[in-house]
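Residue-level listing of the chains:
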Amino acid sequence: MTDINWTKALCLGCDRELWFVEGTDSTSNADRRAAKQTCLICPIRSGCLDSAMAEENGRGESGRYGIRGGLSGKQRYALARRRPGAQPKQQRAA
Ligand code: SF4
């Protein structure tokens, strides 16, 4: 992985809580969208996402926190499952 210049992160100096919003009410959803829109124009988005994917490798959806690289934990989990060599989804016991 190439070095990432984290000093260029657009979330630096922002209210970090926006990237870790919980809840599904309209305010929470608006905050989450605002964070994702910031990520969309962040110059290190690709590296940020790669870093999150590497760090979270092997984790389930519940082990991925916050918005990173413009994706929620749920979206990063879905991305991980689509990548070559991904582990099949674990079956639930009946
Ligand atoms: S992509 Fe988003 S979470 Fe990652 S550094 Fe940029 S603004 Fe922050």
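Preceding block: the structure.
Residues numbered from 1 in each chain as written. Predicted model: local features only at pLDDT ≥ 70, side-chain atom pairs only at ≥ 80, totals over all residues. Heavy atoms only, no water.

Student: In this structure, what is going on with the packing of helix α2 (residues 45-55) against helix α3 (residues 73-82)? I would like to understand it.
Tutor: Each pair of packed helices gets described by two things: the angle between the helix axes and the distance between those axes. Look at α2 against α3: their axes get within 11 Å of each other, and the N-to-C directions meet at 75°. The orientation of α2 relative to α3 falls into the category roughly perpendicular. Here α2 contributes L49, A52 and M53 to the contact with α3, which in turn contributes R76, L79 and A80. Classifying every residue of the contact of α2 with α3 gives 5 nonpolar, no polar and 1 charged. (Axes fitted to C-alpha atoms, helices over the stretch in contact; angles between N-to-C directions. Helix = DSSP H or I, 4+ residues; strand = E, 2+ residues; numbered from the N terminus. Parallel < 35°, antiparallel > 145°, perpendicular 65-115°, else oblique. Contact = heavy atoms within 4.5 Å. Nonpolar A, V, L, I, M, F, W, Y, C, P; charged D, E, K, R; others polar.)

Student: Explain the environment of G60 here, please?
Tutor: Structurally, G60 is set in the loop between α2 and α3. With relative accessibility at 33%, the residue G60 sits in the partly exposed group. Taking the C-alpha atoms as reference points, G60 and K74, separated by 14 residues in sequence, lie 9.0 Å from one another. (Buried < 20%, exposed > 50% of the residue type's maximum accessible area, 1.4 Å probe, protein only.)

Student: So what exactly am I meant to see when it comes to the environment of A54 here?
Tutor: Within the fold, A54 resides in helix α2. For A54 and A80, which are 26 residues apart along the polypeptide, the C-alpha to C-alpha distance reads 9.7 Å.

Student: It is not clear to me how the layout of surface pockets should be interpreted in this structure. Could you clarify?
Tutor: To find the voids left in a structure, one rolls a probe of water-molecule size over its atoms. The space that makes up the second largest pocket amounts to roughly 320 Å³. Lining the second largest pocket are 14 residues, with V21, R32, R64, G66 and G73 sitting closest to its centre. Grouping the constituent residues of the lining of the second largest pocket by class yields 5 nonpolar, 4 polar and 5 charged. (1 Å grid on protein atoms, 1.4 Å probe; cavity = no way out; pocket = protein on both sides within 12 Å on 5 of 7 lines; lining within 4 Å. Points joined across faces, edges and corners; volume = space filled by probe spheres on them.)

Student: Please explain the side chain of R32 as it appears in this structure.
Tutor: As for its placement among the helices and strands, R32 is situated in helix α1 (residues 26-40). At 7.0 Å, D25 is the nearest oppositely charged side chain to R32, a buried residue that forms no salt bridge. The contact partners of R32, leaving out residues within four places of it in the chain, are L18, V21, E22, G23 and I67. (Lys, Arg positive; Asp, Glu negative; His and termini not counted. Salt bridge = Lys/Arg side-chain N within 4 Å of Asp/Glu carboxyl O.)

Student: Please clarify how a nonpolar patch on the surface should be interpreted in this entry.
Tutor: Nonpolar side chains collect at one region of the surface, where L10, L40 and I41 lie side by side and expose about 300 Å² of accessible area between them. Within the secondary structure, L10 is located in the segment before α1. (Patch = residues over 30% accessible without salt bridge, like charges linked within 9 Å, V, L, I, M, F, W, Y side chains within 5 Å. Areas by Shrake-Rupley, 256 points an atom, 1.4 Å probe, with all protein chains shown as cover.)

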